[in-house]
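Single-letter residue listing:
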Amino acid sequence: MKSKIIIFNILPLTLFALILAVSALVLYEVKKNPSNQNLINSQLIGKKIPTIKIEKIDFFQQKVKDQTLNIDKYKNNFFAVNFFASWCAPCRVEAPLIKELSKLIPVVGIAYKDKVKNTKVFLEDYGNPYDQIGLDDFGKIAIDWGVYGVPETFIVNTDGKIIYRHAGPLLYNVFKSEVLPLIRKK
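Residues numbered from 1 in each chain as written. Predicted model: local features only at pLDDT ≥ 70, side-chain atom pairs only at ≥ 80, totals over all residues. Heavy atoms only, no water.

Here we look at the pattern of salt bridges
To be explicit about the condition: By definition, a salt bridge exists where a carboxyl oxygen of Asp or Glu is found within 4 Å of a side-chain nitrogen of Lys or Arg. The secondary structure listing takes helices from DSSP runs of H or I that are at least 4 residues long and strands from runs of E that are at least 2 residues long, numbered from the N terminus. Remark: exposure states derive from per-residue accessible area (1.4 Å probe, protein chains only) relative to the maximum for the residue type, with buried under 20%, exposed over 50%, and partly exposed in between.
The full count for this structure, using the stated rule, is four salt bridges. For Glu100, the salt bridge goes to Lys103, with nearest N and O atoms at 3.0 Å. Within this pair, Glu100 and its partner Lys103 are both found in helix H2 (residues 89–104), separated by three residues, close to a single helical turn. Here Lys103 falls in the exposed class, since its relative accessible area comes to 59%. Two residues, Asp144 and Lys140, come together in a salt bridge whose shortest N-O distance is 3.3 Å. Here Lys140 and Asp144 lie together in helix H4 (residues 140–145), a separation of four residues that amounts to about one turn. Taking the relative accessible area as the measure of exposure, Asp144 reaches 28% and is therefore partly exposed.

Structure representation (structure tokens):
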């Protein structure tokens, strides 16, 4: 009877120590190799971009009826596709780096589940680095691209194939170590 009482007294402490040790190990691995934290495998890497029509936004007319983004204009060029939203706090964080990226290659923005007026205010506040902006009202385009959430950035090569995907806000260390070398290789 006494041994059962001792086990029940030690068990919570043992479980707590085990959880603490596993958490410390995970944090150590993330700290040791931070570039892998936002690495989510994409089935689209190495494949052509999805051929779906994306409704174009014109901030003077709100939505442009029967007008879609012209992705063909980037044929034989590197470009990026960035899914963002005005309600997305990490999108605000990455805005300066998307602007830097747009100085190197064209960036197509896709406003994810957002209202046009809110997207307009977001771009007025943080700048508009986008060559073209499309609207994904219901998230269908994001599903076709395999987007988990916003922000997400894709780099497309001269053959129209996705060569890189970054889930989460694009931060300086990732921009410098992963994105710039891809662009410079072109």
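From this point, the discussion proceeds with the structure in view.
Observations concerning unusual backbone geometry
The peptide bond linking Val150 to Pro151 adopts the cis configuration, its omega dihedral lying at -5 degrees. Mapped onto the elements of the fold, Pro151 is located in the loop between H4 and strand S6 (152–156). You will see that Asn76, though not glycine, has its phi angle at about 70 degrees, which is positive. In this structure, Asn76 sits in the loop between strand S2 (62–68) and strand S3 (79–84). The exposure class of Asn76 is exposed, given its relative accessible area of 59%. Positive phi, close to 45 degrees, is recorded for Lys113, a residue that is not glycine. With a relative accessible area of 43%, Lys113 lands in the partly exposed category.

Some points on the confidence of the model for the protein
Which entries qualify depends on this criterion: pLDDT is a residue-level measure of predictor confidence that goes from 0 to 100.
Of the residues in the protein, 76% have a pLDDT of 70 or more, and the chain-wide mean is 84. Mean pLDDT values over the elements of the protein span from 63, in S2, up to 97, in S3.

Remarks on helix H3 (residues 116–126)
For clarity, the cut-off: Taking the helix axis as origin, the arc is that swept by the directions to the C-beta atoms.
Listed in full, the buried residues belonging to H3 are Val116, Thr119, Phe122 and Leu123. The buried residues of H3 occupy an angular sector of 120 degrees when the element is viewed end-on, so they sit on one face. Along H3, exposed side chains directed more than 90 degrees from the buried face belong to Lys117, Glu124 and Asp125.

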